[in-house]
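Breakdown of the fold
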Amino acid sequence: MPTISLCMIVRNEETHIARCLDSVAELVDEIIIIDTGSHDRTAEIASRYTPRVYPYPWKDDFSDARNYSFSKAAMDYCMWMDADDVLDGTERDKFLLLKETLPPDTDMVMMKYHTAFDEAGRPCFSYFRERWIRNRAGYRWVGAVHEVIPPKGRTVYSDIAISHRKEGPGDPDRNLRIYRKMLAEGTPLEPRHQYYYGRELYYHRQYEEAVSVLLRFLLEEEGWVENKIEACSVCAGCYYQLGKDQEALCMLLRSMSFDLPRAELCCEIGKHFLDRGKLHNAVYWYEAALHAPKQDQSGGFVLPDCYDYIPLLQLCVCHDRLGDRKKAMEYNERAGACKPYSQAYLYNKQYFESL
């Protein structure tokens, strides 16, 4: 059975780190904690779980810190988690089973990463990340921010999920600050980081600059398809904020020049038409979302609700406005089958019963 080194980089995480380590400490064979400058009790709490707590100067470079954490590992595989991540109870049995059954020639294990949750605590935003990486096999983290290990070798996809349960806002300006510093120092942004830089600009409401960065990224031959599809969505969001609705629609449609339609984009196009009262057009795109194949293992961001619950709920609205109440009720019930606790579904149900 393979051995696992849990490798973490942390800073001022006294409110999270015990919860994280409690969820996984008994499942791994070694814990490495790299403290990049905490001013609270993070290192003290971590030392209750492992003697291997190391100080390390923060250099505005996540890859540098993660590579240092991996350099301390002695087990067969390195596993990374952030301090506000947790391995929920039902996932722990699957974790142990994977250790027992992992093919010996595996180089990398991809696991789901749940980063947002609905009102019932079910994941509504997820994607696959490299989680176990063979130690001393030449794997290196790259990227000062939004760091990644380029995949190679035999990769296994697992349905085990790590949940990111952040409490508090953190530092919302950190990533943008790092990108600005890189540019000020003359460090060119590779295509992947052009995309993430454009996203950071969007989050900071710097829409004109975000559009400029994202349009340049879309022309890059080396850009990853999933990033390009998502860049179209982010760029459309910028155009909507700038009052350029037609340009926004064109960007959403441009996403389909890169690959098959994603349900996420179909829902955005459906909303564009629904908001403008073009109900038949909206119906077309929400139906397209229902039939779009889910690209779970593409590595891109996945919004599971866009493949059933959201288009079903919106089709209920469209058909109600079109005067077909029977069909509207049917779609609402189908949405309720996905999320019987949904306030929107329950409101619609009460609305139909009152008529």
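Treat the numbers as computed from the prediction; the structure is a model and nothing was measured.

**Some thoughts on the overall build of the protein**
From N to C terminus, the protein includes 14 helices and eight strands. Taken over the C-alpha trace, the protein has a radius of gyration of 22 Å; the compact-globule value for 355 residues is 20 Å, and the two agree within 12%. Overall, the C-alpha framework of the protein stretches about 65 × 45 × 40 Å when taken along its three principal axes. Here the protein holds 355 residues, and the buried ones make up 49% of them. The contacts in the protein between residues at least 6 apart in sequence include a share of 66% that link residues at least 24 apart. Split by element, the accessible area of the protein, about 16900 Å² in all, is 51% carbon and sulfur. Here the protein contributes 45 positively and 55 negatively charged side chains, and the mean placements of these two sets differ by 1 Å.

**Considerations on the side chain of His 146**
Positionally, His 146 belongs in the loop between β7 (123–134) and β8 (155–164). Here Glu 200 takes part through its side chain, which lies 3.5 Å from a polar atom of the side chain of His 146. Beyond its immediate stretch of four places on either side in the chain, His 146 contacts Asn 175, Tyr 179, Arg 192, His 193, Tyr 196, Arg 199 and Glu 200.

**Some details on the sheet that holds β8**
Within the open sheet, the eight strands sit side by side as β3-β2-β1-β4-β7-β6-β8-β5. Their pairing is mixed. Each end of this open sheet is capped by a strand with a single partner; those strands are β3 (53–55) and β5 (85–86). The pairing of strand β1 (residues 4–10) with strand β4 (residues 77–80) spans four bridges and is classified as parallel. Its bridge partner being in β4, Leu 6 is matched across the sheet by Met 79. Its contacts with the sheet place helix α1 (residues 17–24) against β1, β2 (30–35), β4 and β5, and it is angled at close to 175° to β1. Of the strands in this sheet, β1, β2, β3, β4 and β7 touch helix α3 (residues 62–71), which is tilted by about 145° from β1.

**Quick look at the packing of helix α10 (residues 263–275) against helix α11 (residues 279–291)**
It is at 8 Å that the axes of α10 and α11 come closest, and there the two elements cross at 170°. Classified by the interaxial angle, the pair formed by α10 and α11 is roughly antiparallel. When you trace α10 past α11, the crossing you get is left-handed. For the pair α10 and α11, the contacting residues are Ala 263, Cys 266, Cys 267, Ile 269, Gly 270, Lys 271, Phe 273 and Leu 274 in the first and Leu 279, Asn 281, Ala 282, Trp 285, Tyr 286, Ala 288 and Ala 289 in the second. Class assignment for the residues of the contact of α10 with α11 results in twelve nonpolar, two polar and one charged.

**Regarding the packing of aromatic side chains**
Two aromatic rings, taken as a pair, are described by how far apart their centres are and by the angle between their planes. In total, this model carries 19 aromatic pairs according to the counting rule given. Measuring from centroid to centroid gives 5.9 Å for Trp 80 and Trp 141, while their planes differ by 85°, and the two rings are edge-to-face. Of this pair, Trp 80 sits in strand β4 while Trp 141 sits in the loop between β7 and β8, placing them 61 residues apart in sequence. For Trp 80, a relative accessible area of 3% corresponds to the buried category. Owing to a relative accessible area of 3%, Trp 141 belongs among the buried residues under this scheme.

What counts and how
- Residues numbered from 1 in each chain as written.
- Predicted model: local features only at pLDDT ≥ 70, side-chain atom pairs only at ≥ 80, totals over all residues.
- Heavy atoms only, no water.
- Helix = DSSP H or I, 4+ residues; strand = E, 2+ residues; numbered from the N terminus.
- Rg over C-alpha atoms; globule rule 2.2 N^0.38 Å.
- Buried < 20%, exposed > 50% of the residue type's maximum accessible area, 1.4 Å probe, protein only.
- Contact = heavy atoms within 4.5 Å.
- Areas by Shrake-Rupley, 256 points an atom, 1.4 Å probe, with all protein chains shown as cover.
- Lys, Arg positive; Asp, Glu negative; His and termini not counted.
- Charge placed at Lys NZ, Arg CZ, Asp CG, Glu CD.
- Polar contact = N/O pair within 3.5 Å; in protein donor to acceptor, adjacent residues only side chain to side chain.
- Pairing = 2+ DSSP bridges.
- Axes fitted to C-alpha atoms, helices over the stretch in contact; angles between N-to-C directions.
- Parallel < 35°, antiparallel > 145°, perpendicular 65-115°, else oblique.
- Left-handed = near helix turned anticlockwise from the far one by under 90°.
- Nonpolar A, V, L, I, M, F, W, Y, C, P; charged D, E, K, R; others polar.
- Phe/Tyr/Trp six-rings, centres within 6.5 Å; stacked < 30°, edge-to-face > 60°.

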